[in-house]
Amino acid sequence: MKRSIWQIPRARLAAFSVFARNFLVWRKLLGPAIVLNFGEPVIYLLGLGIGLGALVGDIGGLPYLVFLASGIVASSAMISVSFEGMYSVYTRMVPQKTFDAIMATPLDIDDIILGETIWAAFKGLLSAVAILIVATLLGAVPGGWMALWALPVVFLLGLAFAGPAIIMTAIADNYDFFNYYFVLVVTPMFMLSGVFFPIETLPEWMQTAVLVLPLTHAIEVIRPLIVGEPVEHLLAHLAVLAGFAVAAYYLAVALVRRRLWA
Amino acid sequence: MSVPESPSVHRQSTSQPVVRARGLVKCFGKLRAVDAVDFDIPAGRCFGFLGPNGAGKTTTLKMLMGLADFDAGELSVLGHQLPAEARAIRGRVGLVPQGDNLDPDFTVRENLFMYARFFGLSRSQVADRVDALLEFANLTHKADARVDQLSGGMQRRLTIARALVNDPEVVILDEPTSGLDPQVRHVIWGRLAELRARGVTLVLTTHYMEEAERLCDELVVMDHGRILDQGTPGELIRRHVEPDVIELRGTVSDGVFATLTSMALRVERHGTAVYVYTSAPAPILDFLGQPDGLTVIHRRAGLEDVFLHLTGRELRE
């Protein structure tokens with residue numbers, strides 16, 4: 001009679017109705033979303049890429065703007081997914097009680113969290129697409145059409161980051177709790193995973209340490225695709241991202257069950 | 001205006017109860033929130049759970065939907081066993097929760113379409129039904145308004161309409177009219193009566209005695225997780241209280257109180273009021289006459305008297 005929160009999730013296609021709900025709400029608020037998606041990367045790329053780039057010159061044989069753009073495609077997807085998985089999911093789960101409403105239909109928490117995970121990854125994909133467009137216009141995508149292969153990797157990166165964000169949501173008492181995750185997880189990855197400078201410039205022990213960070217692996221794949229170079233260790237990097245995605249989804253489902261099951 | 005009935009759903013009342021609970025137990029830590037209760041809810045009736053706050057009513061409703069686990073006992077809804085077949089049950093049941101949880105980003109109509117989608121029903125499948133539900137809820141003129149532009153009563157009506165979007169055979173309502181003004185409450189009672197007349201089984205919790213007396217064919221009175229009694233409102237009144245109540249508000253002297261005690265079947269003092277329960281009110285009213293500083297109210301006994309008799313008069317806080 002007692003359900004275990006650890007039982008294996010059995011999500012179904014019904015999860016897409018949760019995705020559809022979020023998509024329809026997003027479409028209503030398109031204006032601010034586009035300003036955020038396009039405005040931010042333009043400022044980053046112009047400010048850092050062109051301004052700082054003039055001082056830095058080339059990095060690893062790449063103009064700094066090109067190096068930076070390929071990193072920001074990945075990091076901005078990470079940040080976008082993390083915001084969605086924390087602030088937005090928390091809003092739907094706690095104050096708005098949208099999850100309670102959905103749980104009174106045939107959908108289970110398994111479906112809701114899968115829908116939310118795919119939705120958050122989709123939001124990350126949108127921000128990556130916006131940056132790719134801006135970077136292309138600035139001439140910072142030498143890989144040309146091959147750069148489009150970065151997008152499925154960005155989506156996988158999004159799945160890998162959605163789970164941890166929803167885990168935080170499942171244990172959060174309020175929005176302020178998310179500051180811990182941003183300061184202790186998101187910001188260090190943003191700084192150390194190779195967005196702004198190559199990880200080879202880090203001390204050796206740190207180079208090893210950053211290999212546990214999913215963003216490092218995502219950038220190792222995304223950057224060569226955008227730049228137009230061969231990708232090394234492709235399967236290993238994708239496997240790390242997929243591993244994060246699966247493990248974090250499972251834990252997110254378990255912890256949301258713990259919170260919402262009575 | 002009525003809600004369209006889908007031909008696929010059979011509505012005839014059968015001898016098979018819609019809900020069957022045996023020895024149902026639910027614990028929160030050491031607290032036995034629901035303590036070995038048995039009940040059958042017959043098809044096509046309105047069945048009420050009556051009880052003070054914390055009696056275990058909401059928990060019981062959540063168990064019916066598969067939204068809460070139980071620690072012991074057996075529970076089946078529409079022939080499906082819980083908790084294994086919760087999904088199938090939720091597809092055939094509608095829930096009106098205690099607090100509205102409508103989607104604030106959607107319009108009234110969009111709320112209904114979106115909710116239908118969670119049941120696997122497409123826009124085209126439910127288009128007619130949504131129009132009919134909007135009319136049922138008197139919300140046609142607000143169909144394109146955002147939820148946050150609705151009054152509390154309108155939101156409640158929309159929540160009820162939303163619970164009907166899957167054409168449920170059973171509708172579960174947790175305090176459907178709490179916090180609403182009398183006009184809205186009467187409209188909602190009318191709509192619920194309409195649903196029941198169409199053969200939908202209604203299961204509700206309430207602590208409004210008037211609501212229970214008007215709507216419910218059968219009630220259980222719960223307290224501390226246990227069922228204290230069960231029956232029609234009339235049966236419960238006959239079983240537990242004398243047919244007449246004389247309520248005295250004001251100061252009743254000990255002498256008068258003693259005389260009343262000798263004349264009536266039961267006399268209770270609560271706060272500044274004295275309640276006299278009797279089957280022969282005339283001599284008592286004669287005795288009281290028209291006393292100064294005392295308001296005398298003579299009325300028939302109701303569910304409220306049953307409720308207070310069974311659950312006591314202490315505050316639940």
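Structural notes, computed from the coordinates. Source: prediction; values computed, not measured.

**Structural notes on the overall build of chain A**
Moving on, step 1. When helices and strands are counted, chain A shows 10 helices and 2 strands.
Moving on, step 2. In terms of its C-alpha atoms, chain A occupies a principal-axis envelope of roughly 65 × 40 × 35 Å.
Moving on, step 3. Burial status across chain A gives 54% buried among its 262 residues.
Moving on, step 4. For chain A, long-range pairs separated by at least 24 residues make up 80% of all intrachain contacts whose partners lie at least 6 apart in sequence.
Moving on, step 5. Charged side chains of chain A number 14 positive and 15 negative; the gap between the two group centres comes to 17 Å.

**A short note on the interface of chain A and chain B**
Moving on, step 1. Listed as interface residues are 25 residues of chain A and, on the opposing side, 28 residues of chain B.
Moving on, step 2. Between chain A and chain B we count 7 salt bridges in total.
Moving on, step 3. A:Arg21 is the partner of B:Asp105 in a salt bridge, and the nearest nitrogen-oxygen pair spans 3.9 Å.
Moving on, step 4. Where chain A packs against chain B, one counts 12 residue pairs in polar contact (both at pLDDT 80 or more).
Moving on, step 5. Of all the secondary structure elements, the ones that give two or more residues to the side of chain A that touches chain B are α1 (15-28) and α4 (98-103) of chain A.

**So, the pairing of strand β1 (residues 19-28) of chain B**
Residue and element names in this part refer to chain B.
Moving on, step 1. In this structure, β1 lies alongside strand β4 (residues 72-77), joined through 5 bridges in antiparallel fashion. Looking at β4, one finds that Ala21 is bridged to Leu75.
Moving on, step 2. Pairing of β1 with strand β2 (residues 31-41) involves 8 bridges; the strand directions are antiparallel. Residue pairing across strands places Ala21 opposite Phe39, the latter belonging to β2.
Moving on, step 3. Hairpin connection from β1 to β2: 2 residues lie between these consecutive antiparallel strands, with Gly29 at a positive phi of about 60°.

**Observations regarding the sheet that holds strand β14 (residues 294-300) of chain B**
Residues and elements named next belong to chain B.
Moving on, step 1. Pairing is antiparallel in the open sheet, where 4 strands are placed in the order β12-β13-β11-β14. Only two strands of the sheet have a single neighbouring strand rather than two, namely β12 (266-270) and β14. Each adjacent strand pair in this sheet contributes to an overall mean axis angle of 15°, direction not counted.
Moving on, step 2. As paired elements, β12 and strand β13 (residues 273-278) share 5 bridges and run antiparallel to each other.

**Overview of the sheet that holds strand β6 (residues 93-96) of chain B**
Residue and element names in this part refer to chain B.
Moving on, step 1. Taken together, 6 strands build an open sheet; the order of strands is β6-β7-β8-β3-β9-β10 and the sheet is mixed. Of all the strands in the sheet, just β6 and β10 (226-231) have a single pairing partner and so form its edges. Strand-to-strand twist in this sheet, taken as the mean axis angle between neighbours without regard to direction, amounts to 15°.
Moving on, step 2. Here helix α5 (residues 152-163) sits on the sheet in contact with β6 and β7 (170-174), set at roughly 165° to β6.

**Examining the pairing of β6(B)**
All names here are of chain B.
Moving on, step 1. Taking every second residue as pointing to the same face, both faces of β6 are buried, with Val93 and Leu95 on one and Gly94 and Val96 on the other.
Moving on, step 2. Across 4 bridges, β6 lies against β7 in parallel orientation. Its bridge partner being in β7, Val96 is matched across the sheet by Leu173.

**A word on the environment of B:Ser76**
Moving on, step 1. Checked against the element boundaries, B:Ser76 lands in strand β4.
Moving on, step 2. In the structure, B:Ser76 is positioned 228 residues away from B:Glu304 in sequence and 31 Å away in space, judged by C-alpha atoms.

**What about the packing of α1(A) against helix α5 (residues 109-137) of chain A?**
All names here are of chain A.
Moving on, step 1. At their nearest, the axes of α1 and α5 sit 7 Å apart, and the two run at 45° to each other. In terms of axis orientation, α1 runs oblique to α5. In this structure, the crossing between α1 and α5 has a hand that is right-handed. Two secondary-structure elements touch here, α1 through Ala15, Phe16, Val18, Phe19, Asn22, Phe23 and Trp26 and α5 through Asp111, Ile112, Leu114, Gly115, Glu116, Ile118, Trp119, Phe122, Lys123 and Leu126.

**Here we look at the nonpolar core**
The nonpolar side chains of a soluble globular protein tend to be buried with one another.
Moving on, step 1. A:Ile113, B:Phe39, B:Phe49, B:Leu64, B:Leu75, B:Ile172 and B:Leu303 are the most contacted members of the largest nonpolar core, which totals 117 residues.
Moving on, step 2. Beyond its immediate sequence surroundings of up to four residues, B:Ile172 is in contact with B:Leu61, B:Leu64, B:Met65, B:Val93, B:Gly94, B:Leu95, B:Val96 and B:Val203.
Moving on, step 3. One finds A:Leu125, A:Leu132, A:Ala135 and A:Val153 within the second-largest nonpolar core, a separate group that totals 64 residues.

**Some thoughts on α5(B)**
Moving on, step 1. In a regular helix each residue adds 1.5 Å, so 12 residues correspond to 16 Å; α5(B) covers 17 Å between its end C-alpha atoms and thus fits that length.
Moving on, step 2. The set of residues buried in α5(B) consists of B:Gly153, B:Met154, B:Gln155, B:Arg156, B:Arg157, B:Leu158, B:Thr159, B:Ile160, B:Ala161, B:Arg162 and B:Ala163.

**Regarding the pattern of salt bridges**
Moving on, step 1. Throughout the structure, instances matching the rule amount to 34 salt bridges over all chains.
Moving on, step 2. Of the charged contacts in the structure, one is a salt bridge between B:Arg90 and A:Asp108, with a shortest N-O distance of 2.6 Å. Taken together, the residues span two chains, with B:Arg90 in helix α2 (residues 86-92) and A:Asp108 in the loop between α4 and α5.
Moving on, step 3. Where B:Arg87 meets A:Asp111, a salt bridge forms, and the shortest distance between an N and an O atom there is 2.6 Å. With B:Arg87 in helix α2 and A:Asp111 in helix α5, this pair bridges two chains.
Moving on, step 4. Of the residues examined, B:Arg87 reaches a relative accessible area of 23% and is grouped as partly exposed.
Moving on, step 5. You can call A:Asp111 buried: its relative accessible area is 0%.

How each quantity is defined
Throughout this document, residue positions are counted from 1 along each chain, in the order its sequence is written. Written order decides the labels, with chains lettered from A and ligands numbered from 1. Confidence filtering applies because this is a predicted model: local features only for residues at pLDDT of at least 70, side-chain atom pairs given and counted only at 80 or more, and all residues used for totals across whole chains, interfaces and linings. The side-chain figures draw on all heavy atoms in the structure; neither hydrogens nor water molecules are used. Elements are defined by DSSP. Helices are runs of H or I of four residues or more, strands are runs of E of two residues or more, and each kind is numbered from the N terminus. The buried label goes to any residue with under 20% of its type's maximum accessible area, the exposed label to any with over 50%, and the partly exposed label to all in between, with areas taken from a 1.4 Å probe on protein chains only. We call two residues in contact whenever any of their non-hydrogen atoms come within 4.5 Å of each other. In this count, Lys and Arg are taken as positive residues and Asp and Glu as negative ones, while His and the chain termini are left out. For this purpose, a charge sits on NZ of Lys, CZ of Arg, CG of Asp or CD of Glu. The rule for a salt bridge is simple: a side-chain nitrogen of Lys or Arg has to be within 4 Å of a carboxyl oxygen of Asp or Glu. In protein, a polar contact requires one atom able to donate a hydrogen and another able to accept it; more generally it is a pair of N or O atoms within 3.5 Å, and residues adjacent in sequence count only if both atoms are side-chain atoms. At least two bridges found by DSSP between two strands is the condition for calling them paired. All axes are obtained by fitting lines to C-alpha atoms, using only the stretch in contact for helices, and the reported angles, taken between N-to-C directions, cover 0 to 180 degrees. Here roughly perpendicular refers to angles of 65 to 115 degrees, roughly parallel to angles under 35, roughly antiparallel to angles over 145, and oblique to all remaining angles. Here is the rule for handedness: rotate from the far helix to the near one, and if that takes an anticlockwise turn smaller than a right angle the crossing is left-handed, while a clockwise turn gives right-handed. Only buried residues count toward a nonpolar core, which is a set of Ala, Val, Leu, Ile, Met, Phe, Trp, Tyr and Cys residues joined through side-chain atoms within 4.5 Å. Each helix should span, by expectation, one fewer than its residue count multiplied by 1.5 Å.

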